[in-house]
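# Observations on the model geometry
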Amino acid sequence: MNDSGAAAEEPQPITPQPPRAIEKTPMYTAMNAARYQRQTLIRDIEKDQPKLICYVAGNKAAVDRIDTLGFVDMLHNINPGDPIDLLLHTPGGDIDAAEKLITLVRSAAGEDGQLRVIVPDYAKSAGTLMALGANTIVMSDSSELGPIDPQVSSKDGNGSDVVYSVLTYLNAYDASKKALREAPDDLTERITFEKFDPTIVRKFQSVRDRARSFAENLLKRRGKNFSKITAELLDVAKYQSHAQMIGWEAATEIGLTIEYMPPTDPVWRRYWALYCHLRLSIESEQRIFESNYVSLLL
């Protein structure tokens, strides 16, 4: 009771406030602005195209088994059998790793499903082998594939790294062997032939056969003339440089299924814009894996 004898006023119930929406902090948003922009581009592309995953590597970042982490992440939320587009940019690398990566993507799309490989700039060597696993390779004037003749790094007598073209070495070995057979008493031919290391010859023959069987198996599943296409891509007489360009017209002539998009095509412009953003986000020894929900830099 107060002094006037009036009853004490009842406390008013507290109206609960709606929970405050959780939002990214300004600093976090600013630090990740480039990623948000790239993923917005991916979502924009996907409005009228299949699910898009991106593997873009720097010029010193070879295809490697560590790339499995990024591919598994990108494929995590893709429903089995969904059509898939793979935007691919790589200087090449390990054949066994390339086989594992393209097998993962093909399994996600389904053996009878649709997989397109989009090459905005280049997919060389092991990257070309990966592209052979697609139903269609999307290319434009800036796009290039490359020969699939294997390259092997070894130490010379001084301990320096030397990169050998496996097929060039084996062709030289076969030529020397033939010359010695035709002139067995020729001392010069015998000295030349004896410079070839039998261990290296056997190793290089195995590497060559591995590349050939990998390419043929991928093409065979697509119903292609696998022996002809593989022989063309392994032809070091035709492609005298491992980095030689195979553009969309040459790729079509070889027998690959190429979807050509002119540089002015609105869809291609979006692919190219996305590639530019991805390429500028990595250093020469890095690679990035990105989809509309995954962004992984290794």
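Everything quoted here is computed from the prediction, not taken from an experiment. Residue indices follow the written sequence of each chain, beginning from 1 at its first position. With the structure being a predicted model, the display of local features is reserved for residues of pLDDT at least 70 and the display and counting of side-chain atom pairs for 80 or more, all residues being used for whole-chain, interface and lining totals. Calculation of side-chain values draws on the structure's entire complement of heavy atoms; hydrogens and water are dropped beforehand.

Time to look at the overall build of the protein. The helix and strand inventory of the protein stands at 11 helices and 11 strands. Seen through its C-alpha atoms, the protein measures out along the principal axes to roughly 135 × 45 × 30 Å. Taken across its 298 residues, the protein has 42% of its residues classed as buried. Contacts: residue pairs with any heavy atoms within 4.5 Å of one another. For the protein, the proportion of contacts with a sequence separation of at least 24, taken over those separated by at least 6, is 71%. The Shrake-Rupley method, run with a 1.4 Å probe, gives the accessible areas here. Residue values count only the displayed protein chains as cover. A total of about 16300 Å² of accessible surface is found on the protein, and carbon and sulfur atoms cover 53% of it. Charged residues are defined here as Lys and Arg on the positive side and Asp and Glu on the negative side; His and the ends of the chain fall outside this count. The atom standing in for a charge is NZ when the residue is Lys, CZ when it is Arg, CG when it is Asp and CD when it is Glu. For the protein, the separation between the mean place of its 34 positive charges and that of its 41 negative charges on side chains is 4 Å. Each helix is a run of H or I in the DSSP string that is no shorter than four residues. Each strand is a run of E no shorter than two, and both are numbered from the N terminus. Buried, partly exposed and exposed residues are distinguished by accessible area as a fraction of the type maximum, computed with a 1.4 Å probe on protein chains only: under 20%, between the cut-offs, and over 50%, respectively.

Once that is clear, we can look at the sheet that holds strand 9 (residues 258-260). Read across the open sheet, the seven strands follow the order 9-5-3-2-1-10-11; overall the sheet is mixed. Two strands close off the open sheet at either side, each with one partner strand: strand 9 and strand 11 (295-297). Ignoring which end each strand starts from, the neighbouring axes of this sheet average 20° apart. Pairing geometry for strand 2 (residues 84-89) and strand 3 (residues 115-118), over four bridges, is parallel. The residue of strand 3 that forms the bridge with D85 is R116. Helix axes are fitted to C-alpha atoms over the stretch in contact, other axes to C-alpha atoms as well, and angles between N-to-C directions run from 0 to 180 degrees. The sheet contacts of helix 4 (residues 95-109) involve strand 1 (51-57), strand 2 and strand 3, and relative to strand 3 the element is tilted by about 140°. For two strands to be treated as a pair, DSSP must find at least two bridges joining them.

With that settled, the discussion passes to the environment of L88. Its place among the elements puts L88 in strand 2. When its relative accessible area of 0% is taken as the criterion, L88 is described as buried. Spatially, the C-alpha atom of L88 lies 6.6 Å from that of V117, the residues being 29 residues apart in sequence. Leave out the neighbours within four places in its chain, and L88 touches Y55, V117, I118, V119, P120, Y122, A123, G127 and M130.

Restricting attention to buried positions, one finds in helix 3 (residues 67-75) the residues D67, T68, G70, F71, M74 and L75. For helix 3, the buried positions fall inside an angular range of 160° around the axis, keeping them on one side. The elements touched by buried residues of helix 3 are strand 1, strand 2, helix 4, helix 5 (126-131), strand 10 (287-290) and strand 11. Directions pointing from the helix axis toward each C-beta atom define the arc.

This next bit is on the packing of helix 6 (residues 166-182) against helix 7 (residues 187-194). For the pair helix 6 and helix 7, the least separation of the axes is 9 Å and the interaxial angle reads 150°. For the crossing formed where helix 6 meets helix 7, the hand is left-handed. Residues Y173, S176, K177, A179 and L180 of helix 6 touch helix 7, and the partners they reach there are E189, R190, T192 and F193. Its residues assigned to classes, the contact of helix 6 with helix 7 shows four nonpolar, two polar and three charged. When the near helix sits turned anticlockwise from the far one by under a right angle, the crossing is termed left-handed; a clockwise turn instead gives a right-handed crossing. Each residue is assigned to one class: nonpolar for Ala, Val, Leu, Ile, Met, Phe, Trp, Tyr, Cys and Pro, charged for Asp, Glu, Lys and Arg, and polar for all the others, Gly among them.

Below, the discussion takes up the nonpolar core. By nonpolar core we mean a set of buried residues, namely Ala, Val, Leu, Ile, Met, Phe, Trp, Tyr and Cys, connected to one another through side-chain atoms within 4.5 Å. Core analysis: the biggest nonpolar cluster contains 50 residues, and F71, I84, L145 and L256 have the highest contact counts within it. In terms of residues, this core owes the most to one element, helix 4, which gives eight residues. Counting 18 residues, the second largest nonpolar core, distinct from the first, contains I42, I45, L52 and L278.

Between its terminal C-alpha atoms helix 4 stretches 21 Å, which fits the 21 Å expected from 15 residues at 1.5 Å a residue. Buried residues in helix 4 make contact with strand 1, helix 3, strand 2, strand 3, helix 5 and helix 8 (198-221). We define a polar contact as two N or O atoms separated by no more than 3.5 Å, with the added condition that, inside protein, one atom must be a possible hydrogen donor and the other a possible acceptor, whereas residues neighbouring each other in sequence contribute only through side-chain atom pairs. Between the side-chain oxygen of the N-cap and the backbone nitrogen of D96 there are 3.2 Å, and the N-cap of helix 4 in question is D94. One or two residues past the end of helix 4 sits G110, with phi positive at roughly 95°. The span you would expect from a helix comes to 1.5 Å times its residue count less one.

Another aspect to go through is the side chain of N135. Position of N135 among the secondary structure elements: in the loop between helix 5 and strand 5 (136-139). A polar atom in the side chain of N135 sits 2.8 Å from the backbone nitrogen of L115. Sequence-distant contacts of N135, defined by excluding residues within four places in its chain, comprise R106, G113, Q114, L115, R222 and T257.

Next up on the list: unusual backbone geometry. Despite not being glycine, S125 shows a phi value in the positive range, around 50°. Within the fold, S125 resides in the loop between strand 4 (122-123) and helix 5. With relative accessibility at 14%, the residue S125 sits in the buried group.

These results come straight from atomic positions and should not be treated as a statement about function.
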